[in-house]
Each structure stands twice: as structure tokens, then as C-alpha cells.
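Each chain, written out:
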Amino acid sequence: AQLGIFTEKTPPQPAWHGTMQRDAWANIAKQKEARAYDKAFNLVTAQGRVFMASSSGNACVALDAADGKEIWRHLVQGAVRIAPAYDNARVYFGSDDGQAYCVMAATGNRVWSFRGSSDKTLIPSDHKFISRYPCRTGVLVQGGKAYCGFGLLPWQDNHLASLNATTGASNYNKTVAAAQWYSMEGPMLASSDRLFVLQGRVSPISFQLSNGNLLGRLPGGGGTFAVLTPDDKLIHGPGHGNNDWAKSRTFHLQESNAITKADLTRHSRAHRVLVNGSTRYYVIREAIQATGGSSWVQTMQEPETLILGGSTLYVGGKNEIRCYHASSGALLRTLPVNGVVHCLALADGRLFASTHSGKIYAFH
């Protein structure tokens, strides 16, 4: 049953609009968007609340998960693009104003903020002013530490910081020099000892978690979608070919060994994957395919994102969410929404969906 709808006053304002029609340097045409990480308001849910990143409202917003009413709104000076992180009754997020923030989950009161670069220069971008060093990685919290990246262009310095999650004190703030030609764009992932940072147009880079030392790029193409499996496989995309001019230029998910950076395989024309034990669920063009422990295929118009809850696989697409039985692939129900679903979250028997129109839907 649908519980309610929350609508932000202004629709999402993505950092990057549309798709490059042709990349002459890489010999790619009609490519998929490599930086499509904030086409909807990204969100997480915990402790009876939904915490939303508002790119148009320059804020992190807390909603009541039961009725969708706004509880608090923490305003900052730039767009909030990546889903907030929740840990130990606190919420963490980054902003285009060049800072990372920690606020109390109950009240939205600020605990600390951290600026990644001492350079406070602002530049115009899409009718707003942003920092030359925006935080477009979000904040990743693990083991009592908060990790965040700051930067915009590969020909300028970027910064990677590890902070005390409670106090905001810096453990390290490493500079990735412009000469190394790296950038930081999209949500981060972490294993027990490595941090993986997406770059958008090119493949992810990895760092030593403990000291921030750069470990280099992984193979494959770009994108801002990634999954890290329990057995240290990094799958990312949508990717376009690779560094070898002669290889296929069709988009795909690249699968690599996250530790050795060995090129394992490419999943042609897939642009999302969910890994659950021995089963993988792929979004491939206009189909959902399960392989491994379960094996089935279902067609669907413009599937964009997927999440697993119990024995049900939820797939968000254009104006709908489809609910499939995870083992058999049987269609259980279809939930109507307005817009393309780009973000799904599950908690306490509730499903939350965020669409490109700026609406947040809740289902029980």
C-alpha cells in the first residue's frame, strides 16, 4: 500500500546535464551518461526517518518515514548530491560548497564541518556558485572514521580526507596532485583496508584506507555506479570500451579484482548489478536477468535501479516499480509512480523511491 508522497519545492538539479553525443578522443558515440549519480534526490532511511540529499534546496532533509512530514532541514551553501550516511545517531553529507558535514539525526543540529581545501574560491555553475573543490563523493563512515573527497577537475589538485567521525578532527588530508590526473566524482566504497573513489569519465581509483596513499586506477571504463562484493570484486560502469583502442566500445559493467586490479570480465550492455550470495541480478538494456543461484529473465521498460528485500527484488523504472520474486522471477505487483525512479531504499517494512521529478514515494 502507498503510504504517501513528499515533493521537494524544486526538482533535482543534477551536477551534469544530458549526455555527450560523441567523444572523438575515445571514439565513442551515443554513450550512456558517465556522471548520472544525482538525477533524483538520493536518500537513505534509518531509525524511522528518511534522510535526503537536496541538490536544488542546498540541504540535507529529514522526513518522518511514517507520514513523509519534514522534521528538519539543514541548509548549507551548495547542493547536496550524494545520499547522506547514517551512523550512531548522526548523519553525514558533503556539499558543493566544499565542505563535509555531521549533524545529529534527531534534530539536524550541526556537530562539525570540514573544508577539504583552504582555497575558498567560488566559481559559477548552473546558476549557482560552487567551490572549486566541491565534496561530490559524499561521506563514507566506517570504523569510527569519516572519509570524503574534494575536487572537480583532473587538471587541478584533489583532496582525500579521513576524519574522526565524532569530532571531525583530521586523521589525514591527502593531496592528489594535478600532475597525477585524477578526479573524485560519485559515491565511494570501502573494504577493510582500501577505499575506492569513482571518477565519472574514467575508471575508479583506490587508496590505502589507513593512510590515504594512492594505489592507482582499476581497469575498464568510467561511470559512477559501483558494487564491491564480499570476495573483493569491484564491478563498475556503465563504462565504454577500455584503454585499448581496438576493444569494443559498447557500454558494459567492468568486473575487476579490487586488490590486484586484475581485469576479470565485462558484462556487455549491463549498467546495474545487485549481488546476493551466489545470485546476481543485472539490468541489461530493457531486461532484468538473474544468474547463479537463481536464473530468470524479465523484460521491463527503462529499468534504472534495483534493491532486494527478503524474497522480493524491487526494480525502479519509468513511472513504475516492479516487484519480482527473487528466486523465480514471477511478477508479484507493480507500483505506480510519477517519473523515472533513480533511487530506492528499504527499512522497517517500508520501500522508499525517489524520482527525477523530485517526488519521494513511500510504500508499505
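Each remark here, short or long, concerns the structure printed above.
Here the structure is a predicted model, which means the values were calculated and not measured. (Residues numbered from 1 in each chain as written. Predicted model: local features only at pLDDT ≥ 70, side-chain atom pairs only at ≥ 80, totals over all residues. Heavy atoms only, no water.)

**Overview of the side chain of R136**
Now for step 1: Of note, R136 is situated in the loop between β13 (128–131) and β14 (139–142).
Now for step 2: Judged by its relative accessible area of 2%, R136 falls in the buried class.
Now for step 3: Setting aside chain neighbours within four positions, we find R136 in contact with A15, W16, Y37, R81, I82, D96, I130, G149, L152, M184, E185 and G186. (Helix = DSSP H or I, 4+ residues; strand = E, 2+ residues; numbered from the N terminus. Buried < 20%, exposed > 50% of the residue type's maximum accessible area, 1.4 Å probe, protein only. Contact = heavy atoms within 4.5 Å.)

**Overview of the pairing of strand β6 (residues 59–64)**
Note on strand geometry: in a regular strand, side chains alternate between the two faces of the sheet.
Now for step 1: Of all six residues making up β6, five are buried, and the element is well covered by its neighbours.
Now for step 2: With six bridges connecting them, strand β5 (residues 49–54) and β6 associate as antiparallel partners. Bridge pairing in β6 links A53 to C60.
Now for step 3: Joining the antiparallel neighbours β5 and β6 is a turn of four residues, in which N58 adopts a positive phi near 50°.
Now for step 4: Sheet analysis places β6 next to strand β7 (residues 70–75), joined by five bridges and oriented antiparallel. Residue A59 lies in a different strand from β7, and its bridge partner there is L75. (Pairing = 2+ DSSP bridges.)

**Considerations on the sheet that holds strand β27 (residues 263–268)**
Now for step 1: The strand order across the open sheet formed by four strands is β24-β25-β26-β27, and the pairing between neighbours is antiparallel. Each edge of the open sheet carries a strand with a single partner, namely β24 (225–228) and β27. Within this sheet the neighbouring strands show an average axis-to-axis angle of 15°, counted without direction.
Now for step 2: Direction of pairing for strand β25 (residues 233–237) relative to strand β26 (residues 252–257): antiparallel, over a ladder of four bridges. In the sheet register, L234 faces β26, and the bridge partner there is S256. (Axes fitted to C-alpha atoms, helices over the stretch in contact; angles between N-to-C directions.)

**Regarding the nonpolar core**
Now for step 1: Core analysis: the largest hydrophobic core is formed by 15 residues, its most contacted members being Y92, W112, A146, C148, F150 and L163.
Now for step 2: Secondary structure elements with two or more residues in this core: β10 (99–104), β11 (110–115), β15 (145–150) and β16 (158–164).
Now for step 3: Ranked by residue count, the leading element in this core is β15, at three residues.
Now for step 4: Excluding residues within four positions of it along the chain, F150 makes contact with G98, Q99, A100, F114, G116, Y133, P134, C135, N158, H159, A161 and M184. (Core = buried A, V, L, I, M, F, W, Y, C linked by side-chain atoms within 4.5 Å.)

**Considering the environment of S256**
Now for step 1: You can see S256 is positioned in strand β26.
Now for step 2: Considered as a pair, S256 and L234 are 22 residues apart in the sequence and their alpha carbons are 5.4 Å apart.
Now for step 3: When neighbours within four sequence positions are excluded, S256 is seen to be in contact with L218, P219, D232, K233, L234, A262 and L264.
Now for step 4: At 3.3 Å, the side chain of S256 forms a polar contact with the side chain of Q254. (Polar contact = N/O pair within 3.5 Å; in protein donor to acceptor, adjacent residues only side chain to side chain.)

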